[in-house]
Amino acid sequence: MLVQLEAQPDVKRRKAIDLDAFYASIEQRDHPEYRSKPVIVGGSPDRRGVVATASYEARRYGVHSAMPSRTAQRLCPDAIFLPARFEVYRVVSQQIMTLFRQYTALVEPLSLDEAYLDVTTAVHTLDGAARLAQEIKRQIWDQTGLTASAGVSYCKFLAKMASDAHKPDGLTIITPEEAPGFLEALPIEKFFGVGKVTSAKLRDLGIQTGADLKLMGEERLRDLLGKHGEQLYRFACGEDDQPVEPVRERKSVGKEVTLERDIRDRNEMERILENLSLQVEGRLAELGIAGKTLTLKVRWSTFELVTRATSQPRGFQVAQEMLPVLRAMLSGLVDDKRAVRLLGVIVSGLISPDEICRARQIVTPSPWQEEYV
Ligand code: DCP
Ligand code: MG
């Protein structure tokens, strides 16, 4: 006789980690003279810009993200306004995401400075998860000189709430026992996905906290807000079974084109490769990365596929560097007899432009850094 035992429902261990005043902290890190001062990163107040973020010193004056810079200046006249340096922020983002992936493969980035981690298999208890969060926070500090806030709980929604609870440099655990009390007291605006419109609707009905949401019941919330209402009710009850969905780490950047008609003309192929490498250059610049290996992909009219790759320690980041190498690889492949139906250019072995600069031992900025200023 086989007796199947119901598996003990396992408490998942999830956490959210979010860096504090991300862009502004990086500026303070890189410019010691701005430390302990109100720093605002974003558009200039003279040019109708908006605030991307503000240091905690500036937040004390009421400055926050998405506020017109002019308003921010009025609230905090001593604020130091700085333009964003996205290429630097991207490098730090890659650093922290790589760090997270050393602890679990289940990393779901939410933005440049924030991710969910599922550490259910790495640790056995929520306390263990909290110790791991402490260790990750320390690693972030050691590797980047930045502080982060972490939230640990059994689901994504509560982990996120927990990470916001004690910013900056916070670490908050919400256990299954603590969750109902925490949620009952939580103002509705703090519930994930509740914006101005929803909160106004709810406040009109006298609903102010999680406890009120629960009292209102699933049906009435569904009538009022549709599917979102159902979700909100489940959140208020501390139920959220959304898995942490990892985004695979990017391994390459490539562009390819299937030609409208098969071609034999070498000049035409080179023109297409130039176009493709410009597109690859643009994508690399957007992502703030470069790569050590350049691959040429050719599909013959017979559908047979061939690739040729070249690596160089100084890396590839702009079309100008890719083209001579692509031309050389192309010469080794094509002859007058066979026609080509597809061409592709791929850059892999991705590395940050910083590493490339080091490999080239140059001190000048990389060719496309100016784009972001
Ligand atoms: N950001 C932006 N515009 C917004 C919100 C954010 O450009 N409206 C950018 C700037 C932030 C970064 O994204 O530094 C991360 O966003 P967060 O919401 O995590 O905000 P911060 O990290 O700046 O502050 P906090 O300490 O509240 O996380
Ligand atoms: Mg942040």
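Numbering of residues starts from 1 in each chain and follows the order in which that chain's sequence is written. Each chain is given a letter, starting from A, and each ligand a number, starting from 1, according to the order in which they appear as written. The model is predicted, so local features are restricted to residues of pLDDT at least 70 and side-chain atom pairs to those at 80 or more, both for listing and for counting; the totals for chains, interfaces and linings are taken over all residues. Each side-chain value is worked out from all heavy atoms of the structure, with water and hydrogens disregarded.

Distances from the magnesium ion (ligand 2) to its protein donors, Asp 18 (OD), Leu 19 (O) and Asp 113 (OD), fall at 2.1 to 2.2 Å. Around the magnesium ion (ligand 2), the six donor atoms sit at angles spanning 82 to 178°, and that spread fits a shape best called octahedral. Metal sites are built from N, O and S donor atoms within 2.8 Å, or 3.2 Å for Na, K and Ca, and they leave out water, so they may look incomplete. The sequence pattern describing where the donors of the magnesium ion (ligand 2) fall on their chain is D-L-x93-D. On the criterion of sequence distance, the pair formed by Leu 19 in strand S1 (residues 14-19) and Asp 113 in the loop between strand S5 (107-111) and strand S6 (114-118) is long-range, its members being 94 residues apart. The cut-offs for exposure are 20% and 50% of the maximum accessible area for each residue type, with area from a 1.4 Å probe on protein chains only; residues under the lower value are buried, those over the upper are exposed, and the others partly exposed. In this structure Asp 113 comes out as buried when scored by relative accessible area, which is 12%. Tetrahedral means four donors with every angle between 85 and 135 degrees, whereas square planar (four donors) and octahedral (six donors) require angles over 155 degrees between opposite donors and between 65 and 115 for all others; sites fitting neither are termed irregular. Only DSSP runs of H or I with at least four residues qualify as helices, and only runs of E with at least two residues qualify as strands; both kinds are numbered from the N terminus onward.

Being near a molecule or strand, for a residue, means having at least one of its heavy atoms within 4 Å of it. Surrounding ligand 1, one finds 13 residues, the nearest of these being Ala 21, Thr 53, Tyr 56, Arg 59 and Asp 113. Between an oxygen atom of ligand 1 and a side-chain N or O atom of Thr 53, the distance comes to 2.5 Å. The side chain of Tyr 56 places a nitrogen or oxygen atom 2.6 Å from an oxygen atom of ligand 1. Here the accessible surface of atoms and residues is derived via Shrake-Rupley with a 1.4 Å probe, and residues count as covered only by protein chains that are part of the display. If ligand 1 stood free it would expose 550 Å²; the protein chains cover 68% of that surface. Going through the elements one at a time, S1, helix H1 (22-30), strand S3 (51-54) and helix H2 (56-59) are the ones with two or more residues in the shell around ligand 1. For the shell around ligand 1, the residue count by class is six nonpolar, two polar and five charged. N or O atoms within 3.5 Å of each other form a polar contact, as long as, within protein, one can give a hydrogen and the other can take it, and as long as residues adjacent in sequence are counted only when both atoms are side-chain atoms. In this classification, Asp, Glu, Lys and Arg are treated as charged, Ala, Val, Leu, Ile, Met, Phe, Trp, Tyr, Cys and Pro as nonpolar, and every other residue, Gly included, as polar.

A word on the state of the cysteines. Here, the term disulfide refers to a pair of cysteine sulfur atoms separated by no more than 2.5 Å. According to the stated counting rule, one finds zero disulfides in the structure shown. Lacking any disulfide linkage, Cys 237 is separated from the closest cysteine sulfur, that of Cys 155, by 12 Å.

To continue, consider helix H6 (residues 156-165). Summarising burial for H6: eight of the 10 residues are buried, a large majority. Within the span of H6, buried status applies to Lys 156, Phe 157, Leu 158, Ala 159, Lys 160, Met 161, Ala 162 and Ser 163.

What follows concerns the nonpolar core. Among the buried residues, those of types Ala, Val, Leu, Ile, Met, Phe, Trp, Tyr and Cys that are joined through side-chain atoms within 4.5 Å form a nonpolar core. Counting residues in hydrophobic clusters, the biggest one holds 35 residues, and the most contacted among them are Ile 17, Phe 22, Tyr 89, Phe 100, Leu 117, Ile 136 and Ile 140. Mapped by element, the contributors of at least two residues to this core are S1, H1, strand S2 (39-42), strand S4 (80-82), helix H4 (86-101), S6, helix H5 (126-144) and strand S7 (148-153). Top contributing element to this core by residue count: H4, with seven residues. We call two residues in contact whenever any of their non-hydrogen atoms come within 4.5 Å of each other. The residues touching Leu 117, leaving out its near neighbours within four places in the chain, are Arg 13, Arg 14, Lys 15, Ile 17, Phe 100, Thr 104, Leu 106, Val 107, Ile 136 and Val 244.

Bringing the environment of Ala 79 into the picture now. Along the chain, Ala 79 turns up in the loop between helix H3 (69-75) and S4. On the basis of relative accessibility, which here comes to 12%, the residue Ala 79 falls in the buried class. Contact partners of Ala 79, with chain neighbours within four places excluded, come to Pro 38 and Ile 40.

Here the aromatic set is Phe, Tyr and Trp, taking the six-membered ring for Trp, and pairing holds for ring centres within 6.5 Å; pairs whose planes are under 30 degrees apart are stacked, those over 60 apart are edge-to-face, and all others are tilted. Enumeration according to the criterion identifies seven aromatic pairs in this entry. On the basis of an interplanar angle of 15° and a centroid distance of 4.2 Å, the ring pair of Tyr 23 and Tyr 89 is categorised as stacked. Of this pair, Tyr 23 sits in helix H1 while Tyr 89 is found in helix H4, placing the two residues 66 residues apart along the sequence. The pair Tyr 23 / Tyr 89 is uniform in exposure class, with both members buried. Ring geometry for Phe 86 against Tyr 89: centres 6.1 Å apart, planes inclined by 85°, an arrangement best described as edge-to-face. Within this pair, Phe 86 and its partner Tyr 89 are both found in helix H4, separated by three residues, close to a single helical turn. Classification of Phe 86 as partly exposed rests on a relative accessible area of 32%.

With 91% of its residues at a pLDDT of 70 or more, the chain has an overall mean of 89. Every residue carries a pLDDT, the predictor's confidence in it, which falls somewhere between 0 and 100. Ignoring residues within four places in sequence, the model shows residues 1-9, a span with pLDDT below 50, making zero contacts including any to other chains. Per-residue pLDDT stays below 50 along residues 362-373; that stretch engages in 21 contacts with residues further than four places along the chain or on separate chains.

What makes a salt bridge here is a side-chain nitrogen of Lys or Arg within 4 Å of a carboxyl oxygen of Asp or Glu, nothing more. Under the criterion given, the structure shown has 20 salt bridges. The residue Lys 156 makes a salt bridge to Glu 108 at a minimum N-O spacing of 2.8 Å. In this pair, Lys 156 is assigned in helix H6 and Glu 108 in strand S5, connecting sequence segments 48 residues apart. Pair check on accessibility: Lys 156 and Glu 108 agree, each one buried. Taken together, the salt bridges that share partners define one network made up of Glu 27, Arg 29, Asp 30 and Arg 85.

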